[in-house]
Amino acid sequence: MFQKQIKLVVSQLAAVITTLTILMLFCVSAAFAADDLNPLAGDAKAAKLGEFQFRINCALCHGLGARGGGRGPDLTRAVKKHTHSDTDMFQVISNGIPGTAMPANGTNGQGVGMTEEEIWQIVTYIRSQEVKAPAQATGNADHGKELFYGDANCSTCHMVEGKGGRLGPELTSVGGSRTHEAIIDSVRNPSRRLAWGLTEATKEFPQEYESVTVMTADRKEIKGVTLNEDSFSVQIMDASEGIHLLQKNKLLSFQKSRQSAMPKYGVDILSDKDLEDIVAYLVSVGAK
Amino acid sequence: MTGRGRREAKAFNRGGRKERPQRSRRGLLYICICFAVVFFADHTFAQVTFERLVHSAKEPQNWMTYSGDYTGKRFSGLDQVNITNARALVAKWVYQTGATGKLETTPLVIDGIMYATAQDDRAFALDAHTGRPIWIYQRQIPSDIRPCCGRVNRGLAILGDKVFMGTLDAHVVALDAKTGNVVWDVAAADYRTGHSFTVAPLAVKGLVVIGISGGEYGVRGFIDAYDAATGERKWRFYTVPGPGEPGHESWEGDSWKVGGAPAWNTGTYDAVTNQIFWPTGNPAPSNRGEGRAGDNLYSNSLLALDADTGKMNWYFQFTKHDEHDWDATQVPVMIDTGGKHLIGQANRNGFFYVLDRATGKLISANEYGKTTWSDTKDAEGRPVAKKEASPTLEGHTVCPGALGTTNFMAPTYDPQTALFYVTARDQCDIFSTAPQPYEAGHAYYGSAYFPSEEAKPYRGFLKAIDPATGQVKWRFEHTSPTWSGVLSTAGGLVFSGDAEGNFIAFDAASGKPLWHFQMGGAVYAAPMAFAVDGKEYVAIAAGSAVYAFGLP
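Residues numbered from 1 in each chain as written. Chains lettered and ligands numbered in written order. Predicted model: local features only at pLDDT ≥ 70, side-chain atom pairs only at ≥ 80, totals over all residues. Heavy atoms only, no water.

Visitor: Explanation requested: the overall build of chain A in the structure shown.
Guide: Helix and strand counts for chain A stand at nine helices and seven strands. Buried positions account for 43% of the 288 residues belonging to chain A. For chain A, restricting intrachain contacts to residue pairs at least 6 apart in sequence, the fraction spanning at least 24 positions comes to 57%. Total accessible area on chain A is roughly 16,000 Å²; 59% of this is exposed by carbon and sulfur atoms. (Helix = DSSP H or I, 4+ residues; strand = E, 2+ residues; numbered from the N terminus. Buried < 20%, exposed > 50% of the residue type's maximum accessible area, 1.4 Å probe, protein only. Contact = heavy atoms within 4.5 Å. Areas by Shrake-Rupley, 256 points an atom, 1.4 Å probe, with all protein chains shown as cover.)

Shown next, in the form of structure tokens:
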């Protein structure tokens, strides 16, 4: 009798669990279905509110008009590396992109995080901007690759997909994360906005690719780029990719410069067309 | 004050650099026994009375308030560690809090026990000799809090046998100092409308004084005082005056209801006049003046409040009708010099202000960092904002930026050098309007701001300012701007941290760095000093840990 009761209870429990499981599956699939929908899609008023949210929360890196700010990618491009659907975009804004400078919502420690509604407003705003974005100029990526590893000498200092030099920033993902204009500008005016190097958790701003010249105690001059620096030590890579780890108080002189170690590529050295081809190559790699 | 405390204070007052007299062995043994008795007796716990807080200079081995004393000087009377031996400093212990984010706490140390806080409303007590925890309090915070600027806490107040903490969900909590047990817990405001506490409270007489955060959410700011014994609220001063109150006319329409003026950094207290000096923050929305025409009193002001009643005796507004988020919440430091009773404040707007403590009258306002927002002063001598400094739709550059020339990082005033030391940055921001409607609990800025690339590189300094003239006597340029506060000690030293994780001892007179230690964590806190068993320690929070340094 007792056993029978237990069996009954077990079978009832099993029925309840089955029902619950079915219900849960239904709920989960319903939730996924709902996830694909931006509740504010196409809402012009929401897009306007989103523009202001964007200015406050995103413009630091992505620029006031979402066209990229030299650090973050141009979000007016219809094809994005990390986001395809509105839901992807919502997730990226909420959780950030690990391994990149894109932080999770509310985690930069400076401002107030956004509500879900405000994030959807931003998604709506970004979608509204895509429509207005001008067509991207297209160059010849194959020719660009030849130039990169050949006559333009880019690969002397820059690495793409494991091939190239180490002195300058690695460029595999630059085509997917920087604006077309920012890449052109960094070639034509490399000192105008120094590239970012090492990002540390302790620091507010990443190390920049500053040039440095030091004289060691044994009167050896070292010229290179700064890998990192604090008030008491500096880590330098010289032009032959040698690493020097130096205590500042042991140096005879220490001079930093915001004149980039990269030569300025004027149109006399690299034509507009050739540069477009190199950008097309970087974009073709970066969009992978 | 305990017997041990008195003995130590005397020893330190004699000065660590002098040779100690020879004693016989028996004498030494006798002293050791006495010391042991007093040492263990100490752990029966001495009450921290209001008298002890008023006369904290008599027990330099203890650090009993956020700024070390009621004056806000963040000056330690200890001199065992000094300019002659600072280069020998070593790490004595490290306490890992396990918390993540910005650790902004200034620990308290009383009679050998350290009390401090960490992110997410954690409080803990440590054996100050060893860094070993005695108790840990972790508040259960609601999941839907959204405090501005990190889930931070700057520290505790102590009075009697309790420590006091403001919480991210806008409660004030009293913990038993021996166990961390909650003695009382009162709600000051609704966290869902953007109210929170991040400030270290100040215990004055029998009261716990605390100011609210939430200037980024359009709260109506206030400063509260609670009965330390019961938690009963004794007074509240609204930093935005209501209808019929003087100053109410400085707000357009109903804008006062969401006017901001939070009070999120610890003030100071003058026992002679029984006045609390408490600074206030930005009007809301923080970066948009449209809709709140007027001076917006008492935002960005220093308030002199009667400690017993919370009634205002005087106010001084540093930045009128602020549109750049320049909270005036920097510690108002009481300075007595040449028979004058003054208050010095290195303001976020880039000017160093000196006020008469009795009247609040402005004595001087001098630029101590890069500013572009003002080129004239009013009849009182207060810098006045240029019209062109207002944010625009397309955005334009103003210096300092929204983070200010300085911010919450605590400064120090060293009575020995008569210099005021403050962490400063030269960073300009682009301010661009982005109007937002007020919605309870939502961000309420009204404009966007971000660092101006043209103003790079952003430079950070430790500056030594002569308060009398505003002149920068020396400055040490950090590799990048830092959020570290500053401590000065009777040993002729100034201590501060940097963004690269170094903790640095400077010669207070010259600014020359004498010693540094790489802590491997960002510094958002201010250092303090204490002594146990006759040994001086200097402590600071960095990364996720509290570090204590001393001589080998």
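Visitor: Explain the nonpolar core here, please?
Guide: In summary, soluble globular proteins display a tendency toward joint burial of nonpolar side chains. Residue and element names in this part refer to chain B. By size, the foremost hydrophobic cluster in this structure holds 99 residues, and its most contacted members are Met114, Tyr115, Trp235, Phe495 and Phe530. Apart from residues lying up to four places away in sequence, Phe530 is in contact with Gln61, Leu78, Val109, Met114, Ala128, Lys535, Glu536, Tyr537 and Ala539. Core analysis: the second largest hydrophobic core is formed by 20 residues, Phe316, Phe318, Ala328 and Ala389 among them. (Core = buried A, V, L, I, M, F, W, Y, C linked by side-chain atoms within 4.5 Å.)

Visitor: Hey, could you run me through the sheet that holds strand 19 (residues 333-337) of chain B in this one?
Guide: Through backbone hydrogen bonds, the strands of a sheet pair up, either in parallel or in antiparallel fashion. Residues and elements named next belong to chain B. Taken together, the four strands give an open sheet; going across it, the order is 19-20-21-22, and neighbouring strands pair in antiparallel fashion. In this open sheet, the two edge strands, each paired with only one partner strand, are strand 19 and strand 22 (362-367). Within this sheet the neighbouring strands show an average axis-to-axis angle of 25°, counted without direction. Both strand 19 and strand 20 (residues 340-346) contribute to a ladder of five bridges, which runs antiparallel. Across the sheet, residue Ile335 finds its bridge partner in strand 20, namely Leu342. (Pairing = 2+ DSSP bridges. Axes fitted to C-alpha atoms, helices over the stretch in contact; angles between N-to-C directions.)

Visitor: Could you clarify how one ought to interpret the state of the cysteines in this entry?
Guide: By definition, a disulfide is the covalent link that joins the sulfur atoms of two cysteine residues. Per the stated rule, a full pass over the model turns up two disulfides over all chains. Disulfide pairing is shown between Cys148 of chain B and Cys149 of chain B; the S-S distance is 1.9 Å. On the basis of relative accessible area, Cys149 of chain B is assigned to the partly exposed category, the value being 26%. Disulfide pairing is shown between Cys399 of chain B and Cys428 of chain B; the S-S distance is 2.2 Å. The S-S bond linking Cys399 of chain B to Cys428 of chain B shows a torsion near 100°; that makes this disulfide right-handed. Note that Cys399 of chain B is positioned in the loop between strand 25 (396-398) and strand 26 (412-414) and Cys428 of chain B in the loop between strand 27 (419-426) and strand 28 (429-433), a separation of 29 residues in sequence. Here Cys399 of chain B matches Cys428 of chain B in class, with each residue buried. Each bonded cysteine in chain B gets a number by its place in the sequence, and the pairs come out as 1-2, 3-4. Unpaired in this structure, Cys58 of chain A has its nearest cysteine sulfur neighbour in Cys61 of chain A, at a distance of 9.1 Å. (Disulfide = S-S within 2.5 Å.)

Visitor: Hey, could you run me through the pattern of salt bridges in this one?
Guide: Should the charged atoms of two oppositely charged side chains come close, the side chains can pair. Residues and elements named next belong to chain B. For the coordinates displayed, the defined rule picks out 38 salt bridges over all chains. With a shortest N-O distance of 3.3 Å, Asp111 and Arg52 are connected by a salt bridge. Remark: Arg52 occurs in helix 3 (residues 50-54) and Asp111 occurs in the loop between strand 3 (108-110) and strand 4 (113-118); sequence separation between them is 59 residues. There is no split in this pair, since Asp111 and Arg52 are both buried. Two residues, Lys320 and Asp295, come together in a salt bridge whose shortest N-O distance is 3.8 Å. A residue pair is termed long-range when its members are at least 10 positions apart, and Lys320 in the loop between strand 18 (312-317) and strand 19 and Asp295 in the loop between strand 16 (275-279) and strand 17 (301-306) qualify at 25 residues. Classification of Lys320 as partly exposed rests on a relative accessible area of 32%. (Salt bridge = Lys/Arg side-chain N within 4 Å of Asp/Glu carboxyl O.)

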